[in-house]
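The primary structure of each chain is shown beneath.
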Amino acid sequence: NPNFKVALGNEIYLTGTRENGQRYYHFILIAKNKKGHRALRELSSIAWMNSYWDRGMERVPTTYEELENIVKKYPNSLIATTACLGGELSVNTLALIDAEKINDKKSAETAHNNIVNFLLWCKGLFGEDFYIECAPGASRDQKLVNQRLVAIAKAFDLKMVVGSDAHYLKKEDRYVHKAYLNSKGGEREVDEFYEFAYLQSNDEIIEILAQSGFNKDFVLEMFDNSDKIYDK
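This one's a predicted model, so the numbers in the text were calculated from it and none came from an experiment. (Residues numbered from 1 in each chain as written. Predicted model: local features only at pLDDT ≥ 70, side-chain atom pairs only at ≥ 80, totals over all residues. Heavy atoms only, no water.)

### Describing a nonpolar patch on the surface
Taken together, F4, V6 and L8 make up a surface patch of nonpolar side chains, about 350 Å² in accessible area. With respect to the secondary-structure elements, V6 resides in the segment before β1 (9-15). Here V6 falls in the exposed class, since its relative accessible area comes to 66%. (Patch = residues over 30% accessible without salt bridge, like charges linked within 9 Å, V, L, I, M, F, W, Y side chains within 5 Å. Areas by Shrake-Rupley, 256 points an atom, 1.4 Å probe, with all protein chains shown as cover. Salt bridge = Lys/Arg side-chain N within 4 Å of Asp/Glu carboxyl O. Helix = DSSP H or I, 4+ residues; strand = E, 2+ residues; numbered from the N terminus. Buried < 20%, exposed > 50% of the residue type's maximum accessible area, 1.4 Å probe, protein only.)

### A look at the environment of S139
Note that S139 resides in the loop between β7 (130-134) and α5 (140-155). Put simply, S139 and K228 are 89 residues apart on the chain and 28 Å apart in space, counted from C-alpha to C-alpha. A distance of 3.1 Å separates the side chain of S139 from the backbone nitrogen of Q142, its partner in a polar contact. (Polar contact = N/O pair within 3.5 Å; in protein donor to acceptor, adjacent residues only side chain to side chain.)

### What to know about the packing of helix α1 (residues 34-49) against helix α2 (residues 64-73)
Close contact between α1 and α2 brings their axes to 10 Å; oriented N to C, the two are set at 155 degrees. When the axis of α1 is compared with that of α2, the two are roughly antiparallel. Remark: the crossing between α1 and α2 carries right-handed chirality. Across the interface between the two elements, A39, E42, L43 and I46 from α1 touch E66, L67, I70 and K73 from α2. Of the residues belonging to the contact of α1 with α2, the class tally is five nonpolar, no polar and three charged. (Axes fitted to C-alpha atoms, helices over the stretch in contact; angles between N-to-C directions. Parallel < 35°, antiparallel > 145°, perpendicular 65-115°, else oblique. Left-handed = near helix turned anticlockwise from the far one by under 90°. Contact = heavy atoms within 4.5 Å. Nonpolar A, V, L, I, M, F, W, Y, C, P; charged D, E, K, R; others polar.)

### A few points about empty space enclosed by the protein
As enumerated under the stated definition, the model contains two cavities of 30 Å³ or more in all. Of the volumes computed, that of the largest cavity is approximately 160 Å³. Lining the largest cavity are 14 residues; nearest its centre among them are A135, G137, Q142, F193 and F196. Considering only residue class, the lining of the largest cavity consists of eight nonpolar, four polar and two charged. Approximately 30 Å³ is the volume found for the second largest cavity. If you go around the second largest cavity, the residues you meet are R174, H177, K178, V190, D191, Y194 and E195. Going through the elements one at a time, α6 (174-181) and α7 (191-194) are the ones with two or more residues in the lining of the second largest cavity. At three residues, the largest contribution of residues to the lining of the second largest cavity is made by α6. The residue makeup of the lining of the second largest cavity, split by class, is two nonpolar, one polar and four charged. (1 Å grid on protein atoms, 1.4 Å probe; cavity = no way out; pocket = protein on both sides within 12 Å on 5 of 7 lines; lining within 4 Å. Points joined across faces, edges and corners; volume = space filled by probe spheres on them.)

Purely spatial values, then, with no claim about function.
Here it is, written out as structure tokens:
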């Protein structure tokens, strides 16, 4: 199909340091051009050359400083989004919501400041090529985060896009994906997080995001923002 594009990208782990025991935040990078693809390859090489073991897994994070250096080395070459519930924005948004619920002002202030600092850093680094991503899922956490992301996007004058986080192709393949994730022994709870992690149709996305309070026009606006990424 001549009108189909493959976006070359990478879901990196973004951290401040390479210390054990920390959280490894998800972050999406997409190449706009050949320079962008080179930037992705260099970032990946740096991450793997500095890999280390933490909690039984080989970790390959990219630090904020490394990302800054590559973006400055290859300007106007990368598009970025905030990724899924494992991203820094969503993690802190959920922490903010939970702190507000129990009137924990100190934790709420920490989460709020983390959100502000992170988004200002992203805007400064990527400018108009930075987007807030929400996922069409119906878990308690996903719906709460989605609802708050709308207000955050407006406050920071950022565009939102939909990311279906497709780990498997069709809804019917869910049981195969679950068996795969549990194939190493033990039994992981994967239903809630991965129930909607398949390649959804536009109509499915509209229907599922209605559970987060999104009307059809707003979802179509997010689709249009995805088209803008496609055009870039």
